[in-house]
Amino acid sequence: MTDANRPPGERIGGWTRLVTARPRLSLLIALVFTALAVVAGSGVADRLSGGGWEDPASQSSYATKALEKRFPASQPNLLLLVDSGGKKVDDPAVATEARALAKKLSGEKSVTGVTSYWDTGASALRSKDRGEAIIAARITGDETAAGKALERIAPDYRGQHGPVEVSVGGPVAVKQEMQTTIQEDLLRAEMMALPVTLVLLVMVFGSAVAALLPLGIGVIAILGTDAVLRVLTEFTDVSVFAQNLTTALGLGLAIDYALFIVRRFREELSAGGEALPAVAATLRTAGRTVLFSALTVAVSLAAMMVFPQYFLRSFAYAGIAVVLIAAAAALVVLPAALILLGDRVNKWDLTRLLRRGRRADAGKEGAEPGAGWGRFARLVMRRAPVFALATVAGLVALGLPFLRVEFGTADDRQLPSGAESHVVQQHIRDGFAGGPGGGVEILAEGKPGAAALADYSAKVSGLPGVLRVDSPAGRFADGHQVGKPGPAEAARAAGGAAYLSVQPKGEPVEPATQDLVRDIRAQSPPFQTSVTGTAAVLVDTKESLGDRTPWAGAIIIAVTLLLVFLLTGSLLIPLQAVLLNALSLTAMFGAMVWVFQEGHLSGPLAFTSSGDIETTLPVLMFCVAFGLSMDYGVFLLSRIKEEYERTGDHEAAVEFGLRRTGGLITAAALILAVVMVAIGTSRVTNTKMLGLGIALAVLMDAMVVRSLLVPAVMKLTGRATWWAPGPLRRLHTRFGLSEGESAPGSDAPSGGSSGDSPGGSSGGAEGEADGDKDADPGKGRRRDRVSIR
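Bear in mind that the values here come from a model prediction, so they are computed numbers and not experimental data.

Reading the values: rules and limits
Within each chain, residues carry numbers counting from 1 in the order of the written sequence. Residues qualify for local features only when their pLDDT is at least 70, as the model is predicted, and side-chain atom pairs are given and counted only at 80 or more; totals for whole chains, interfaces and linings, by contrast, use all residues. Side-chain measures were taken over the full set of non-hydrogen atoms in the model, leaving aside hydrogen atoms and water. Angles here are taken between N-to-C directions and fall from 0 to 180 degrees, while the axes themselves are lines fitted to C-alpha atoms, restricted in helices to the stretch in contact. Here a strand is any run of E in DSSP of at least two residues, a helix any run of H or I of at least four, and the numbering for each starts at the N terminus. With the far helix as reference, a near helix turned anticlockwise by less than a right angle produces a left-handed crossing, and one turned clockwise produces a right-handed crossing. Contacts between residues were defined by any pair of non-hydrogen atoms, one from each residue, lying within 4.5 Å. Three exposure classes are used, based on accessible area relative to the maximum for each residue type with a 1.4 Å probe and protein chains only: buried under 20%, partly exposed in between, and exposed over 50%. Any pair of N or O atoms that falls within 3.5 Å is considered a polar contact. Within protein, one atom must be able to donate a hydrogen and the other to accept it, and sequence-neighbouring residues count only if both atoms are side-chain atoms. Each Phe, Tyr or Trp ring (for Trp, its six-membered ring) is paired with any other whose centre lies within 6.5 Å, and the angle between the two planes then decides the class: stacked below 30 degrees, edge-to-face above 60, tilted in between. Charge-over-ring placement is defined geometrically: NZ (Lys) or CZ (Arg) within 6 Å of the ring centre, and within 35 degrees of the ring normal. pLDDT measures how confident the predictor is about each residue, on a scale from 0 to 100. Only strands that DSSP links by at least two bridges are regarded as paired with each other. The term nonpolar core refers to a set of buried residues drawn from Ala, Val, Leu, Ile, Met, Phe, Trp, Tyr and Cys, joined through side-chain atoms within 4.5 Å.

Caption draft 1: Summary view of the packing of helix α7 (residues 171-205) against helix α8 (residues 208-232). The N-to-C vectors of α7 and α8 enclose an angle of 145°; their axes lie 8 Å apart at closest approach. In this structure, the crossing between α7 and α8 has a hand that is right-handed. Across the interface between the two elements, E190, L194, T197, L198, L201, V202 and F205 from α7 touch A208, A210, A211, L212, P214, L215 and I222 from α8.

See below:
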């Protein structure tokens with residue numbers, strides 16, 4: 001049958017011809033792409049970075065770099081914890097061995113600024129029980145170079161050395177151990193998720209052949225993701241955490257998209273269609289929705305590009321790429337495979353025995369596929385006010401713990417309690433009066449004089465929350481000078497600059513220490529000052545995120561409103577989509593605080609609570625979870641809109657949409673949740689929070705918001721759901737996207753009539769097939785639809 005002689009619903013558009021004209025060639029190209037991706041993505045994990053939480057343009061970042069260059073000893077990133085083995089650190093044998101280790105370390109390549117308790121006598125470098133002390137140093141270079149240097153030198157220092165035992169810690173060790181742990185956990189997560197996902201797909205499809213197709217698309221997306229990340233590392237820093245999330249998104253979204261396309265293809269085949277027309281109809285319907293859904297996810301991820309922290313920007317770059325790979329594989333590779341398979345897509349039925357019982361009940365009411373979801377939709381709409389109020393109240397209650405959120409920075413407590421760098425830092429927290437790395441550092445520039453610097457030091461030492469100030473002019477405690485400047489203090493002034501080290505009375509990132517940073521910055525000495533340190537970095541990060549988060553939110557909301565309007569033609573539905581999506585995230589944010597900040601379930605989940613949430617993580621989780629929620633929302637709304645255009649019956653369309661997509665959305669959400677839970681088994685707390693939090697958000701969205709809140713709210717808004725003012729309706733008529741397609745000349749339903757009445761924006765059933773006219777009588781214009789043809 002030629003295309004001209006086919007019914008309108010079976011006509012083969014240009015896109016279908018493009019992707020199915022040479023199906024074997026398309027699959028061969030996909031195979032070559034996958035092989036190249038394996039080669040291009042090899043070694044990507046070794047090029048990822050463990051930081052990226054700081055704003056590179058902030059005052060603290062500038063001061064950190066300047067101090068590293070001028071006073072490397074002020075910014076130690078390598079700490080050797082020396083245990084005296086039951087003796088005291090001042091024991092002659094212990095001191096001799098420790099000095100030898102410090103001397104050896106100072107001769108290492110890429111190591112500078114070596115200092116120790118035995119050289120300086122500084123009490124901050126000695127434990128309160130005098131059983132442990134610290135050798136501190138700076139490994140120069142960026143994170144990658146410093147990590148490689150640590151790998152080279154650490155084995156020579158770790159372990160027993162005469163009477164002492166040495167453990168390796170410090171920021172560079174924490175980042176290196178975190179990177180290694182994440183790589184191991186990611187491989188384990190993939191091995192866990194793939195077989196479980198395959199079992200779930202078999203349960204959804206019945207056919208093993210149909211189940212293998214989404215999994216194959218997922219593998220292409222994962223390998224493509226690794227290649228994209230590897231390329232990105234040539235141009236910008238990429239966070240090691242990005243590999244976890246983009247791998248999960250690559251697998252999850254590819255399976256989601258393939259799931260919807262394969263299901264729609266099987267529906268078309270079951271209606272008696274041939275393979276090529278079935279693929280054409282699938283691409284015109286589910287294919288369009290997949291493309292539209294990919295755009296919504298990509299926009300949510302793209303919003304993170306407004307932030308200067310490369311931890312967030314790397315997710316934007318890599319996330320956009322992986323969404324495009326997943327959508328491209330589903331829209332190019334999958335149709336070619338379906339053309340070649342045809343009816344064989346239903347082969348290897350592994351649920352034949354289960355379905356015998358279903359066939360026995362075929363004559364009973366509700367035995368048709370999705371009937372249970374249809375009955376459920378009718379129940380919800382009959383009691384719409386009750387379901388709407390109860391669901392909203394429950395979701396708001398789940399989100400209330402987020403009102404107690406405290407923001408902090410990622411540290412060694414992200415690692416398992418037995419990790420070496422975690423153990424070292426915990427010993428310092430518990431046993432040392434004020435170890436290196438926990439203070440506030442002040443860089444003084446502009447050739448500060450000794451007298452002016454001493455006066456400034458005295459003023460700083462008098463600020464609330466200051467335990468001690470070390471300066472070139474001596475040490476100050478409670479505003480009084482004690483002792484004389486030693487060699488370490490004298491070395492703090494060089495090249496027309498100096499630095500002061502302020503030890504706070506409290507923890508490095510507690511609110512009082514953050515207030516201390518602000519108080520120090522409020523001083524006006526006769527020279528230029530820049531403040532850094534853990535608390536200063538946190539203050540700057542919070543300010544940076546606070547400035548840019550409204551912009552990111554505005555981008556997500558504005559583009560979401562536009563895209564959903566183009567899909568539905570309604571003024572109200574886009575607003576509903578944004579509000580309901582936001583509600584679906586409340587459980588995730590509440591659990592973030594209740595579980596991870598406050599430490600509930602820390603035992604079963606095997607993590608150490610630091611009492612706060614890393615500042616950038618809520619932004620990341622919001623962008624990702626919001627995009628995924630829109631993903632499912634688009635699939636539901638597209639089927640509701642399709643049925644409404646066909647019949648004009650609002651309530652019947654809502655029931656139809658939930659009946660056709662309820663089970664599929666739930667299955668897709670469950671599969672994505674399995675992938676995210678596998679990521680959530682990571683031993684790194686932030687990765688655990690990311691995986692488990694997004695899994696919770698996805699399940700709440702699919703099983704609560706899409707199943708309860710959407711049908712209840714759409715029932716309450718009634719036919720007004722589809723209303724739009726005239727100018728917007730005409731805009732949608734010209735540029736909108738519609739999943740359904742009707743034969744030319746068919747009568748428009750009542751909901752699709754022109755005018756400003758409710759439902760007028762839907763445009764009727766006409767307008768998708770070639771030759772269709774605009775729904776507005778008398779206009780005579782052809783629709784210019786955005787579509788896959």
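Caption draft 2: Representation of the side chain of S707 within the structure. Tracing the backbone through its elements, the reader meets S707 in helix α25 (residues 685-717). The exposure class of S707 is buried, given its relative accessible area of 4%. Within polar-contact distance, the side chain of S707 engages the backbone oxygen of A702 at 3.0 Å. Setting aside anything within four residues of it in sequence, one finds S707 in contact with W373, F376, V380, L658 and A702.

Caption draft 3: Broad picture of the environment of T615. Locating T615 in the fold gives a position in the loop between β14 (613-614) and α23 (617-647). Using a relative accessible area of 6% as the deciding quantity, one classes T615 as buried. Linking T615 and F407, residues 208 residues apart in sequence, is a C-alpha distance of 5.2 Å. Those residues in contact with T615 that sit more than four places away from it in its chain are F407, G408, L538, T541, K542 and L545. Polar contacts involving the side chain of T615 include one to the main-chain carbonyl oxygen of G408, which spans 2.8 Å.

Caption draft 4: Spatial organisation of the packing of aromatic side chains. Considering all chains together, one arrives at eleven aromatic pairs under this definition. Relative to F527, the ring of Y456 lies with its centre 5.5 Å away and its plane at 85°, an arrangement referred to as edge-to-face. One end of the pair, Y456, is in helix α16 (residues 450-461); the other, F527, is in the loop between α18 (511-521) and β13 (528-533), and 71 residues separate them in sequence. Residue classification places F527 among the buried residues on the basis of a relative accessible area of 9%. Its guanidinium or amino end placed over the ring of Y157, K104 lies 5.0 Å from that ring's centre, counting from NZ or CZ.

Caption draft 5: A look at the confidence of the model for the chain. Mean pLDDT for the chain: 81, with 85% of residues reaching 70 or above. Note that pLDDT drops below 50 for residues 359-367; the model gives that stretch five contacts with residues more than four away or on any other chain. The model gives residues 739-789 a pLDDT under 50, and that stretch makes 148 contacts with residues more than four places away or in other chains.

Caption draft 6: Spotlight on the pairing of strand β5 (residues 164-169). Pairing between strand β1 (residues 78-83) and β5: five bridges, direction antiparallel. Along β5, the bridge assignment pairs L80 with V168. Bridge analysis of strand β4 (residues 159-161) against β5 gives three bridges, and the strand direction is antiparallel. Among the inter-strand pairings, H161 is bridged to a residue of β5, identified as V164. The turn joining β4 and β5, which pair antiparallel and follow one another in sequence, is formed by two residues; a positive phi near 60° is taken by G162.

Caption draft 7: Highlighting the nonpolar core. If you look at the biggest cluster of nonpolar residues, it comprises 157 residues, and the most contacted ones within it are F241, L245, Y257, M304, V323, L620 and I694. Apart from residues no more than four positions distant in its own chain, Y257 is found in contact with V290, S293, A294, V297, V323, A326, A327, A330, D631 and F635. Counting 37 residues, the second-largest nonpolar core is a separate cluster that includes L80, V94, A173 and F432.

Caption draft 8: The arrangement of unusual backbone geometry in detail. Of note in this structure, L601 is not a glycine but carries a positive phi near 70°. Along the polypeptide, L601 turns up in the loop between α21 (586-597) and α22 (602-605). In this structure, A606 is a non-glycine residue whose phi angle is positive, near 60°. Here A606 shows up in the loop between α22 and β14. A606 gets classed as exposed once you look at its relative accessible area, which sits at 54%.

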